[in-house]
Amino acid sequence: VVVGTGATLTINPGVVVKFNSAFSKIIAGGALNANGTTQEPVFFTSLKDDTIGGDTNNDGTTTQPQPGDWNSIAVEGSANFTHSIIRYGGSGVDPFQFLGPAALWTDFGSITLANSHLTDNKVVVLDIRSALGGYGTAIDTPVPPESLLDISSTSVFTASTTAAAKALLLKKGWTENVTTGFLEL
């Protein structure tokens, strides 16, 4: 799915977005607004995830969701996630993800997360870069991948605020891996 520059895609409360392959992604060149509620969050998940939205791939219990089942949400414009759950992403097949496979990432855009969870994603949960090909803040999913990034208040992540985002996460108990530079829980 591509949200063109100047366009807006609004995802309403209770909507479940399921991705069917490691190449599936959303590119938000314009604005992406995922407006869930406490009672009806917005889900971004794998087609194999039968726990929400039912058995949409009609295979019973043959397949189970895994971190990296789908690619990513790439933000080139802006994205606002309220009461949203992003899980099983980060396949790593995107050649522009220089810091590693990330479920949610931006180079020049702005990502706002409020009361949202990023969980069961592969390797990098959230990647915010200062410029195309440059390095910014990467939030690593430690092993086991069940660890999550839980945003209970509103946090804004942009390429120009990577230092502030890093400081916020360090205060919340994350540590910086001196080898990779990634933030880990």
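Presented here is a report on the structure given in the accompanying data block. Quick caveat: nothing in here was measured; it's all calculated off a predicted structure.

Rules of the game
Residues numbered from 1 in each chain as written. Predicted model: local features only at pLDDT ≥ 70, side-chain atom pairs only at ≥ 80, totals over all residues. Heavy atoms only, no water. Helix = DSSP H or I, 4+ residues; strand = E, 2+ residues; numbered from the N terminus. Buried < 20%, exposed > 50% of the residue type's maximum accessible area, 1.4 Å probe, protein only. Contact = heavy atoms within 4.5 Å. Areas by Shrake-Rupley, 256 points an atom, 1.4 Å probe, with all protein chains shown as cover. Polar contact = N/O pair within 3.5 Å; in protein donor to acceptor, adjacent residues only side chain to side chain. Phe/Tyr/Trp six-rings, centres within 6.5 Å; stacked < 30°, edge-to-face > 60°. Core = buried A, V, L, I, M, F, W, Y, C linked by side-chain atoms within 4.5 Å. Salt bridge = Lys/Arg side-chain N within 4 Å of Asp/Glu carboxyl O.

Before going further, it helps to spend a moment on the overall build of the protein. Tallying secondary structure elements over the protein gives 1 helix and 18 strands in all. Looking at the 185 residues of the protein, the share that counts as buried comes to 49%. Considering only contacts within the protein whose residues lie at least 6 apart along the sequence, 66% involve residues at least 24 apart. As presented, the protein carries roughly 8200 Å² of accessible surface, and 57% of it is formed by carbon and sulfur atoms.

Attention now moves to the environment of Thr-63. Tracing the backbone shows Thr-63 in the loop between β6 (42-46) and β7 (72-75). The exposure class assigned to Thr-63 is partly exposed, which follows from its relative accessible area of 23%. Note: C-alpha distance between Thr-63 and Leu-47 (16 residues apart in sequence) is 9.6 Å. Every residue in contact with Thr-63, bar those within four places of it in the chain, is listed here: Lys-48 and Asn-57. Polar side-chain contacts of Thr-63 include one of 3.2 Å to the side chain of Asn-57.

Here we take up the packing of aromatic side chains. With the rule as written, the count across this model stands at 2 aromatic pairs. Their ring planes at 15° and their centres at 4.0 Å tell us that Phe-19 and Trp-70 sit as a pair that is stacked. Here the residue Phe-19 occupies a position in strand β3 (residues 16-19), and Trp-70 occupies one in the loop between β6 and β7, the gap between them amounting to 51 residues. For the pair Phe-19 and Trp-70, a shared accessibility class is recorded, and that class is buried. Their ring planes at 80° and their centres at 5.8 Å tell us that Phe-44 and Phe-81 sit as a pair that is edge-to-face.

Attention now moves to unusual backbone geometry. Within the chain, Asn-58 stands out as a residue other than glycine whose phi angle is a positive 50°. By the secondary structure assignment, Asn-58 is in the loop between β6 and β7.

Now for the nonpolar core. With 21 residues, the main nonpolar core has Leu-32, Phe-44, Trp-70, Ile-73, Phe-81, Ile-86 and Leu-104 as its most contacted residues. Of all elements in the fold, only β3, β4 (25-28), β5 (31-35), β6, β7, β8 (78-82), β10 (102-106) and β11 (110-114) reach the threshold of two or more residues within this core. When residues no more than four places from it in sequence are discounted, the contact partners of Leu-32 are Leu-9, Ile-11, Ile-26, Ile-73, Ser-78, Ala-79, Asn-80 and Phe-81.

To continue, consider the pattern of salt bridges. All chains considered together, the criterion is met by 2 salt bridges. Lys-48 serves as the salt-bridge partner of Asp-69, at 3.8 Å between the closest nitrogen and oxygen. Here Asp-69, found in the loop between β6 and β7, pairs with Lys-48, found in the loop between β6 and β7; they are 21 residues apart in sequence, far enough to count as distant. Since its relative accessible area comes to 13%, Asp-69 is described here as buried. Residue classification places Lys-48 among the partly exposed residues on the basis of a relative accessible area of 31%.

Take the side chain of Ser-72 next. Assignment of secondary structure puts Ser-72 in strand β7. For Ser-72, the side chain forms a polar contact with the side chain of Asn-71, separated by 3.1 Å.

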